[in-house]
Amino acid sequence: MVDSKRINGRRISVAPMMDWTDRHCRMFHRQISRHTWLYTEMVTTGALLHGDVARHLDFNDEEHPVALQLGGSEPADLAKSAKLGEQWGYDEVNLNCGCPSERVQKGAFGACLMSEASLVADCVKAMRDAVQIDVTVKHRIGIDDITSYDFVRDFVGTVADAGCNTFIVHARNAILKGLSPKENREIPPLRYEFAHQLKKDFPQLEILINGGFKTQEEIDAHLLHVDGVMIGREAYHNPFMMSSFDARYYGDDAVPKTRAEVLHAMIPYIRSQLEKHGKSEKSGGLKLNSITRHMLGLMAGLPNARAFRQTLSDSKKLALGDPDLLLQALARMQPIAA
């Protein structure tokens, strides 16, 4: 078996996505690719320092390699939160400097931090002093009407001087006023050449690129210019695209699971989660849908994929809390997916 820790683990990664990349989603993705680097949803320092730490940081050992993304702007709070992440076993701590939502802006973090490179540098230094694991930064190429390459170059240079060696570049501007987070993922134009130029200007840094990738051919093309590619929505809506990643990008010649095998592998996990958390919604138990919703795209592009999704989304069947619903959905696909 190929050891992900000995190779460039971040060569391919799945972006942190709010309401999507929770531990159930990551466990599902791990059945498809053993080496692709996975990220949590953004967790704020306030949620960790003043809330339920276990609820935010608990994850499954099988998820490794997995990174914790933090949202915050106070160096001391970020240092404490990064330490918690290390203690819980995460392989990396990532600072969010790219989220454009107004809620995040009110907390003075996310994309608006790009205008305060020296503060980000202080945050990175505080986290690096607190932990032994990697501290990385995910950011945009600019904010609002700042479209000069010099802006992102200077931001990366300042933060790199504080000891950050890995930058994940979402190759769009963040429009802080007037666009929703969804629109910010679609409307600002992609400028991949900025990320490529960062790698030329900072060859000693690990530069990853993020934004709009849907095909393996696109990934291959960008890996000629940068160290890694981070995929986002496509990994969620068409997750089986990752089935070729281990062999193609990590040199692992193990035969990947088929779609059917992925479903079968998830059933014991779902049973264990239901036993651990209970099925009763009234007592705060686990809804089956909280896991199966991440799996709706598994059959994307195949005949009968709609029937598969309909079965996994059937509210009456979901209410029964029976993991064998996955087998019922698979039966709608036979013999194609087997």
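Read on for a plain summary of the structure. (Residues numbered from 1 in each chain as written. Predicted model: local features only at pLDDT ≥ 70, side-chain atom pairs only at ≥ 80, totals over all residues. Heavy atoms only, no water.)

**Re the packing of aromatic side chains**
Thought 1: Within this structure, the stated rule accounts for 5 aromatic pairs.
Thought 2: Both rings, one in Trp 20 and one in Tyr 236, keep their centres 4.3 Å apart while their planes meet at 15°; by these two values the pair is stacked. Within this pair, whereas Trp 20 is found in the loop between β1 (12-14) and α1 (23-32), its partner Tyr 236 is found in helix α11 (residues 233-237), the two being separated by 216 residues in sequence.
Thought 3: Ring plane angle 15° and centroid distance 5.1 Å describe the contact between Tyr 192 and Phe 213, whose orientation is recorded as stacked. A residue pair is termed long-range when its members are at least 10 positions apart, and Tyr 192 in helix α9 (residues 192-201) and Phe 213 in the loop between β7 (206-210) and α10 (216-222) qualify at 21 residues.
Thought 4: Here Arg 10 stacks its cationic end above the ring of Trp 37, 5.3 Å away from the centre of that ring. (Phe/Tyr/Trp six-rings, centres within 6.5 Å; stacked < 30°, edge-to-face > 60°. Helix = DSSP H or I, 4+ residues; strand = E, 2+ residues; numbered from the N terminus. Lys NZ or Arg CZ within 6 Å of the ring centre and 35° of its normal.)

**A few points about the pattern of salt bridges**
Thought 1: One pass over the full model with this rule turns up 17 salt bridges.
Thought 2: Here Arg 10 and Glu 92 are joined by a salt bridge, their closest N and O atoms 3.0 Å apart. With Arg 10 in the segment before β1 and Glu 92 in strand β4 (residues 92-97), the pair connects residues that are 82 residues apart, well separated along the chain. Of the two residues, Arg 10 and Glu 92, both sit in the buried class.
Thought 3: Note that Glu 193 is salt-bridged to Arg 191, the shortest N-O span being 3.6 Å.
Thought 4: For Glu 193, a relative accessible area of 43% corresponds to the partly exposed category.
Thought 5: For Arg 191, a relative accessible area of 27% puts it in the partly exposed group.
Thought 6: It is possible to trace a salt-bridge network through shared partners that takes in Arg 10, Glu 92, Asp 134 and Glu 206. (Salt bridge = Lys/Arg side-chain N within 4 Å of Asp/Glu carboxyl O. Buried < 20%, exposed > 50% of the residue type's maximum accessible area, 1.4 Å probe, protein only.)

**Points about the sheet that holds strand β6 (residues 166-174)**
The strands that make up a sheet pair up through hydrogen bonds in the backbone, lying either parallel or antiparallel.
Thought 1: One closed barrel accounts for 8 strands, arranged β1-β2-β3-β4-β5-β6-β7-β8; its pairing is parallel. Here the average twist between neighbouring strands, direction ignored, is 30°.
Thought 2: Sheet topology places β7 next to strand β8 (residues 228-231); 3 bridges connect them, and they run parallel. By the bridge assignment for β8, Asn 210 is matched with Met 230. (Pairing = 2+ DSSP bridges. Axes fitted to C-alpha atoms, helices over the stretch in contact; angles between N-to-C directions.)

**Points about the environment of Ala 171**
Thought 1: Its place among the elements puts Ala 171 in strand β6.
Thought 2: Separated by 80 residues in the primary sequence, Ala 171 and Gly 251 place their C-alpha atoms 28 Å from one another.
Thought 3: What Ala 171 contacts, discounting residues up to four positions off in sequence, is Ile 141, Pro 189, Leu 190, Arg 191, Tyr 192 and Asn 210. (Contact = heavy atoms within 4.5 Å.)

**Quick word on α9**
Thought 1: Along α9, the residues classified as buried are Tyr 192, Phe 194, Ala 195, His 196, Leu 198 and Lys 199.
Thought 2: Considering only its buried residues, α9 is in contact with β5 (134-143), α7 (149-161), β6, β7 and α10.

**What about unusual backbone geometry?**
Trans peptide bonds make up most of the peptide bonds, and negative phi angles are found at most residues other than glycine.
Thought 1: A cis amide bond links His 64 to the next residue, Pro 65, at an omega of -5°.
Thought 2: Along the chain, Pro 65 falls in the loop between α3 (53-57) and β3 (66-71).
Thought 3: Positive phi values are uncommon outside glycine, yet Asp 19 reaches one of about 70°.
Thought 4: Of note, Asp 19 is situated in the loop between β1 and α1.
Thought 5: Despite not being glycine, Asp 144 shows a phi value in the positive range, around 50°.

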